[in-house]
Every structure is written in C-alpha cells, then in structure tokens.
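Secondary and tertiary structure notes
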Amino acid sequence: MGLFGGRKTVFVEADILVIGGGMAGCGATYEARHWGRNLKIVCVEKANIERSGAVAQGLYAINCYMGMQWGENQPEDHVRYARNDLMGLVREDLGYDIARHVDGSVHQFEEWGLPMMRDPKTGRYQREGKWQIMIHGESYKPIVAEAARKAATAVYNRIMVTHLLMDNKANRVAGAVGFNVRTGDFHVFRAKAVIVGAGGASHIFKPRAVGEGMGRTWYAPWSSGSAYALPIQVGAKMTQMENRIVLTRFKDGYGPVGAYFLHLKTYTQNGYGEEYESKWYNHTKELVGDYIDHHPVPTCLRNHAFLEEMKAGRGPIRMVTKEAFQDPHKETVGWENFLGMTIAQAVVWASQNIDPKHINPELTTSEPYVMGSHATCSGAWASGPEDCAPAEYQWGYNRMMTVDGLFGAGDTIGGTAHKFSSGSFTEGRIAAKAAVKYVMEKGRDQPQVSEQEYRDLEKVIYQPLENYRVGRNEIVAGTVSPSYLLPIHGLQRLEKIMDEYVGGISSNYVTNSMLLERGLELLAMLKEDMSHMGAEDLHQLMRTWELHHRLLASESVTHHTLFRKETRWPGYYYRGDHMKLDDENWHCFTLSRYDRHTGEWAMEKAPVYHIID
Ligand SMILES: Cc1cc2nc3c(=O)[nH]c(=O)nc-3n(C[C@H](O)[C@H](O)[C@H](O)COP(=O)(O)OP(=O)(O)OC[C@H]3O[C@@H](n4cnc5c(N)ncnc54)[C@H](O)[C@@H]3O)c2cc1C
C-alpha cells in the first residue's frame, strides 16, 4: 500500500464497544461498568474524549433537568413539552424513560465537580427557563470524560470508525473497524454488543458561513453523521430523518439565544423596530391549524414567522439587548454566556463594532442540521423500555436498533427530542444497562466475524491514499486532478445538492417532489464518484470517510423528505407541493431501511402512540 505500507492491524476484543465518546458515549461507558463489573468495556473515539463532541467547548446551561426533588416538573410534563414542540410526533416511551432518570445524571455531574449555579434565595439550581439550569460549564466535558475513562477497560482515542462488522450468519452486529488518524493503524474491534453514540450531522447542507469562515457552523463541524451512516450501512431502520433542524441564532457567530430570551428577557424586532410574530398568526394557522395556539409556541413555528418577515422585506430581525444590558449583572451574564460556550460570537461582535449595550445585534436562521437530541428527533428506530413502550415498539432490549446487539443513544436515536447534553448522557446509561443484559443473556453465544469481511473493508478504507499517490503524478500544480476528487470538493458538491434540492438556505428551506427526485439522482452520481476519492494524508482520509458518512445520512434525509407528503414543521422545511400539515395522513413516524447490496431504500409508516395524556 505504498505510502502507508508499514501500518499495523490492531485487534481489540470487547464485550461492549462504545463508538463515540461524547455525552452519550461517556454515559454508556460509565454505566456499562456499573452493571458489568467484569466485562471488557471499550470506548473508541475519533478525537479525544477529554474535549470531543458537541460539548467540547463547554456549555452554559444543562437544558434537560426535571427538578423532581423540588417538585418542579415531572417526567410526564417533559413528554408533553417535547411532543408539543415536535408538532405531535415523538416516541413518548423513550422520552419518558430519559426524563425519569435524567435528574440522577445531573446530580452525578455535580458530585464529580461540575459547578452549578444556585438560586441564592431557594438554594435550588438556578433556572434559566422551565427545563434549563445554569452551570459554569467550561469544563463540563472533561469532567464527564473522567468518569468514562475511569470506568472503561480501555479508551481508544483518535480512531475514526468507518464501518460496523456483522456476524457471518445472523442480523447481528459483531464489532467495528476504523483507522488511527495519527498513525494510520487499522483497528479491528470484535464485540458482543455495540453502542453507537457518534453525534449528529453538520455540513450536509451548505452553511451560511462561506470562504475562510466555512468551518463555522452552529452544530459541531466535526459531527459528520457517523451516528446514522454506521447503522444505515448494516440495514438498521431509521426514523424521522426528514426532521432536520434550523436554528435562530446571532448572526455570523451562531451564538445561542436561549439565555438571552429566558434569563435576560430580551425579545426580537423587525428592521423597523416592530414586533412581528403576531402578524403571522392567521397565515400560520392556515398551514398548521391549532398547533399555532399551543404553548409554548413550537420552535419551528417561531422560525416560520422570522422567515416570513424577512421574505416580506422587513429585515433584519434583531434581538433587543439595549434595555437588558443597562443592568450590569445582565450585561455580565450576556457576555459570560458566550465566553463559556461560543467564544466566537463575542469575537464577531468585537470585530463588527457591536456592543449589545448600544446596538441591537442581528439574528439569522441557520442552515439545517440533522440530529436527535435537540429540538428535533432524527435517528435510529429503537426498541423501547419494557414497562412503558407499546408492544409494537418492543422487539428486544431497550435502545436496541433493528439489528441484534446494536444499541444507540443521544443524537443517534430517533423520536426523542429535547434530551440535550444531560438526556444524551442518560440515554447512554440506559442503553448500556440494556447492552450488559444482552451480553450476559447471550452467554457463550458470540457473533462470528469473517477475516474476509474486515480485510475487504481494509482495502476500501485506505484506497483514497493510493488514488492520490498515483493520480497526483498527473498534475504539476493545483488541486484539480482528472483522476481523483478531494474530500473538500466532494463536501462542497454534497452541500450544494442538499442546499438547492432538499430545502437549504438558498431556496428558503423549500423543496418539492421534483426537486427531491433530482436531488436523489445527483446524490447517486456523487456516490458513484466516491470510489475516486483521493486523500493526501491521514487527515484527508478521515475527511473522506466523514464525507461517505455525510452522504449516506443525506440520502436518508432526502428519501424521508420525499416520503412525508406534508409540511409538518414549517420553519424547518417546506414541501412546496404539500404546504399544509396533514394530521389525517401523516400523524405518524416515517421509517426507512437501506439495503447495502442493492442500494435501495424501503420506506414505511409507523404509528405514533400517545401514552401520556
Ligand atoms: C452549539 C451547541 C450548543 C448546545 N447547547 C446546549 C446547552 O446549552 N445545553 C445542553 O444541555 N445541551 C446543549 N447542546 C446539545 C448537546 O451538546 C448534545 O445534545 C449532546 O452533545 C449530544 O450527545 P451525543 O453523545 O449524541 O453527541 P456528541 O456529544 O457530539 O458526541 C459524539 C462523539 O462521537 C465522536 N465520533 C463521531 N464520529 C465518530 C466516528 N466515526 N468514530 C469515532 N468517534 C466518532 C465525536 O468525536 C464525539 O466525541 C448543544 C449542542 C450544540 C452543538
């Protein structure tokens, strides 16, 4: 293999393999040790769990905490809240399961040293809104990672997992393969159960940030859709992949607005200094009916009013900060909010002469992202908890996908919005407990991997290095070659297709069946070209595999968007040919299954059961 001919193959045996050491992965690793004292628990991570995943930079609030010890909220309340925000469609069994356990996770974070803000009068955690509590969270991730590190038999950092391994005979997972992004070594993990916690997907739609700022996105730029692609490749069913999310954020830095609305009590205005949301009430009611009367107003519908006001030519939409920032305490909180979580927004304001005490900063709507833990619920279709999931949602162990022994948590699992950092960690714990039970009950019945399978994958994984080595000779300068495609070229092509055909920013989030069909054709052409990817070094090899994963996730999003013939979430995306919400036909989940042998996608509907009144 030319350049990297000296690489080793490293074999790792595990009882439980956790892929991705973010919030869900750390929760899973920690909990697996609790129930499986003598098991080999291995966590494998593309970066370094110390500072990996969406929480890498720190957070200022934990967005999912019931406060049951003080009677603040009950799990049922959270299910109602998430259901309302997702326009009626959530897996209530899974959401309830997280909500009833999430407080325990948060108390552990505090025990492990996470500084929590407390209300000086009541002594309770300082609330930012009904569900959020405020933290000094710059070190949130290292604190959580320490617990996982101490629980794991081994943590393998800097390994990009590219494929899952399957049992020779059954629909059963048997491990995973990947490569070390620093040494190039090939890793073969054989495992009895696998938990995927590999985060969401940014950079599948063209971002608003362009040129040298392109790497700046709201969701973590390194979230490359592995959480979806890995299970999709082996035929696991996915759900609600059309439910991409669009965020209202401070312009150019994607700074969060939650603390501003909830804690600083700031509000928005159009370019003329007018309140505008109420103006769009009748219009929105025509599209979605009574959902517009729900409280709180669903996130997508608030985006909708923003977008319509912009289209009407009355932008920019601004956050009114001038009043709140006169109070020195609030001013400090406003700046600290960014410094603990999104430093770039503070830098953008400084560079653009925006002092929020004197100027109301602009807001914008982001490009769409795919994820399962925020105000959206894309991901794998998972079996529910045995005490409260309807029979149709139970085919095995809690959080097991439709592939035996394959579990998931956090952004990976679909149907459960609003779990955020604490809920993702909690879901990791839930999945790990079930995975330990699975491993114990299987006993000596272990999955078998053929050497042929992982040796074939090895060839495919490293081929881009060879493509580059050979093809590079055909050009003397520049980056455009007749023989290979660089990952950045492929990424930009993917983003353009998704943007223009599947409802991104340049079409104001509107698509229709004709656009989606054409988008699928173009995605298929990109897929054909993927065997010609060229990677200059190991970093570019990682970028290549991230692109493979993003592409598969994008295909899934496009098929789901085509299948759901209604506009369920105006403000996230619009089906121009079916502009209204249609509860009669589409109050259901959408499910897909990919056949890796034929490349075909099978779509179906699944019922939504309301188990909470
Ligand atoms: C900008 C932003 C602000 C947020 N604000 C808040 C907030 O204020 N409060 C709150 O509670 N929550 C917040 N969240 C949500 C929270 O961060 C997520 O819900 C949570 O991190 C999801 O957990 P996860 O484990 O699924 O994904 P992540 O935490 O992102 O972890 C995924 C892990 O998988 C690894 N990985 C990915 N692909 C591979 C691969 N192929 N091989 C190996 N490893 C891989 C990644 O490196 C990463 O470590 C925010 C998220 C973002 C992006």
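Residues numbered from 1 in each chain as written. Predicted model: local features only at pLDDT ≥ 70, side-chain atom pairs only at ≥ 80, totals over all residues. Heavy atoms only, no water.

Quick notes on the pairing of strand β6 (residues 159-166)
Of all eight residues in β6, eight are buried; the element is thus mostly enclosed. Summarising the sheet, β6 and strand β7 (residues 173-180) pair through seven bridges and their orientation is antiparallel. Along β7, the bridge assignment pairs Val161 with Gly178. Between β6 and β7, which pair antiparallel and follow one another directly, the connecting turn spans six residues. (Buried < 20%, exposed > 50% of the residue type's maximum accessible area, 1.4 Å probe, protein only. Helix = DSSP H or I, 4+ residues; strand = E, 2+ residues; numbered from the N terminus. Pairing = 2+ DSSP bridges.)

What to know about the sheet that holds strand β9 (residues 238-239)
With antiparallel pairing, four strands are arranged side by side in an open sheet as β14-β9-β18-β19. Single-partner strands in this sheet number two, and they are β14 (379-380) and β19 (600-607). Direction of pairing for strand β18 (residues 588-595) relative to β19: antiparallel, over a ladder of eight bridges. Across the sheet, the residue bridging to Ser592 is Met603, located in β19.

Focus on unusual backbone geometry
Note that the residue after His295, namely Pro296, is joined by a cis bond; omega there is -5°. Along the polypeptide, Pro296 turns up in the loop between α7 (281-288) and α8 (299-311). Cis rather than trans, the peptide bond between Gly315 and Pro316 has omega equal to -5°. With a phi angle near 65°, Arg399 is a residue other than glycine that sits in the positive phi range. With respect to the secondary-structure elements, Arg399 resides in the loop between β14 and β15 (406-408). Classification of Arg399 by relative accessible area gives buried; the value is 0%. In this model, Asn508 sits at a positive phi of 55°, which is unusual for a non-glycine residue. In this structure, Asn508 sits in the loop between α13 (487-501) and β16 (510-511).

With respect to helix α11 (residues 420-442)
With 23 residues, α11 ought to run about 33 Å at 1.5 Å a step, and its terminal C-alpha atoms sit 32 Å apart, in line with that. Of all 23 residues in α11, 18 are buried; the element is thus mostly enclosed. (Expected span 1.5 Å × (residues − 1).)

Looking at the packing of α13 against helix α14 (residues 513-529)
Viewed as axis vectors pointing N to C, α13 and α14 meet at an angle of 170°, and their least axial separation amounts to 9 Å. The orientation of α13 with respect to α14, classified from their angle, is roughly antiparallel. In this structure, α13 contributes Gly490, Arg493, Leu494, Ile497, Met498, Glu500 and Tyr501 to the contact, and α14 contributes Leu515, Leu516, Arg518, Gly519, Leu522, Leu523, Met525, Leu526 and Asp529. In terms of residue class, the contact of α13 with α14 is built from ten nonpolar, two polar and four charged. (Axes fitted to C-alpha atoms, helices over the stretch in contact; angles between N-to-C directions. Parallel < 35°, antiparallel > 145°, perpendicular 65-115°, else oblique. Contact = heavy atoms within 4.5 Å. Nonpolar A, V, L, I, M, F, W, Y, C, P; charged D, E, K, R; others polar.)

Some remarks on the packing of helix α12 (residues 451-471) against helix α15 (residues 538-563)
With their axes 10 Å apart at the nearest point, α12 and α15 run at an angle of 125° to one another. The angle between α12 and α15 falls in the class oblique. Of the two possible hands of crossing, α12 and α15 adopt the one that is right-handed. The residues of α15 that touch α12, namely those facing Val460, Ile461, Tyr462, Pro464 and Leu465, are Leu538, Leu541, Thr544 and Trp545. Of the residues contributing to the contact of α12 with α15, the split by class is eight nonpolar, one polar and no charged. (Left-handed = near helix turned anticlockwise from the far one by under 90°.)

Some words on the site of the ligand
The environment of the ligand is made up of 31 residues, and the closest members are Glu45, Ser52, Ala61, Ser373 and Ser421. One nitrogen or oxygen atom from the main chain of Asn63 is found 3.0 Å from an oxygen atom belonging to the ligand. Contact with the protein chains removes 95% of the 1000 Å² of surface that the ligand exposes when unbound. Elements with a contribution of two residues or more to the shell around the ligand: α1 (23-35), β3 (59-62), β6 and α11. (Near = heavy atom within 4 Å. Polar contact = N/O pair within 3.5 Å; in protein donor to acceptor, adjacent residues only side chain to side chain. Areas by Shrake-Rupley, 256 points an atom, 1.4 Å probe, with all protein chains shown as cover.)

A short note on the pattern of salt bridges
Counted according to the given criterion, the structure contains 49 salt bridges. When the shortest N-O distance is used, the salt bridge between Lys279 and Glu274 registers 3.6 Å. With relative accessibility at 40%, the residue Lys279 sits in the partly exposed group. Look at Glu274 and you get partly exposed, because its relative accessible area is 35%. Each of Asp97, Arg100, Asp387, Arg399, Lys419 and Glu427 takes part in one network of salt bridges that share partners. (Salt bridge = Lys/Arg side-chain N within 4 Å of Asp/Glu carboxyl O.)

Comments concerning the side chain of Ser226
Structurally, the position occupied by Ser226 is in helix α5 (residues 226-233). On the accessibility criterion, Ser226 (7% relative accessible area) is buried. Contact partners of Ser226, with chain neighbours within four places excluded, come to Met160, Ala198, Pro231 and His549.

Focus on α1
Quick reminder: α-helices carry 3.6 residues per turn. Residues three or four places apart thus point the same way. An ideal rise of 1.5 Å per residue puts 18 Å on 13 residues; α1 measures up with 19 Å between its terminal C-alpha atoms. Summarising burial for α1: ten of the 13 residues are buried, a large majority. Within α1, the full set of buried residues consists of Met23, Ala24, Gly25, Cys26, Gly27, Ala28, Thr29, Glu31, Ala32 and Arg33. Those residues of α1 that are buried are in contact with β1 (9-19), β2 (41-44), α3 (92-111), α4 (140-151), β8 (186-196) and α11.

A look at the packing of aromatic side chains
This structure, assessed with the given rule, holds 33 aromatic pairs. Aromatic pair Phe186 and Tyr462: ring centres 6.1 Å apart, planes at 75°, arrangement edge-to-face. Linking Phe186 in strand β8 with Tyr462 in helix α12, this pair joins segments that are 276 residues apart in sequence. Taking 6.0 Å as the distance between ring centres and 20° as the angle between the ring planes, the aromatic pair formed by Tyr260 and Phe325 counts as stacked. Taken together, the positions of Tyr260 in helix α6 (residues 258-262) and Phe325 in the loop between β12 (318-320) and α9 (328-339) put the pair 65 residues apart, joining distant regions of the chain. Through successive ring pairs, a cluster of aromatic residues spans Phe250, Tyr260, Phe325, Trp335, Phe338 and Trp349. A cation over a ring is seen here: Arg244 above Tyr573, with NZ or CZ 4.2 Å from the ring centre. (Phe/Tyr/Trp six-rings, centres within 6.5 Å; stacked < 30°, edge-to-face > 60°. Lys NZ or Arg CZ within 6 Å of the ring centre and 35° of its normal.)

Some details on the environment of Phe325
Taking relative accessible area as the criterion, Phe325 reaches 0% and is therefore assigned buried. Phe325 sits 59 residues away from Thr266 along the chain, and the two C-alpha atoms are 9.4 Å apart. Apart from residues no more than four positions distant in its own chain, Phe325 is found in contact with Tyr260, Leu264, Glu331, Gly334, Trp335, Pro356 and Lys357.

A few points about a nonpolar patch on the surface
Side chains of Leu339, Ile343 and Val347 sit close together on the surface and give an oily, nonpolar patch of about 270 Å² of accessible area. As for its placement among the helices and strands, Ile343 is situated in helix α10 (residues 343-351). Overall, Ile343 belongs to the partly exposed group, its relative accessible area being 41%. (Patch = residues over 30% accessible without salt bridge, like charges linked within 9 Å, V, L, I, M, F, W, Y side chains within 5 Å.)

Some thoughts on the nonpolar core
Residues Leu17, Ile19, Leu164, Val194, Tyr228 and Leu406 are the most contacted members of the largest nonpolar core, which totals 97 residues. Examining the composition of this core, we find that six residues originate from one element, α15, more than from any other. Setting aside anything within four residues of it in sequence, one finds Leu164 in contact with Ile19, Val173, Gly175, Ala176, Val194, Leu230, Pro231, Gln233, Val234, Leu406 and Glu453. (Core = buried A, V, L, I, M, F, W, Y, C linked by side-chain atoms within 4.5 Å.)

From the geometry alone we can't say anything about function, so treat these as descriptive.
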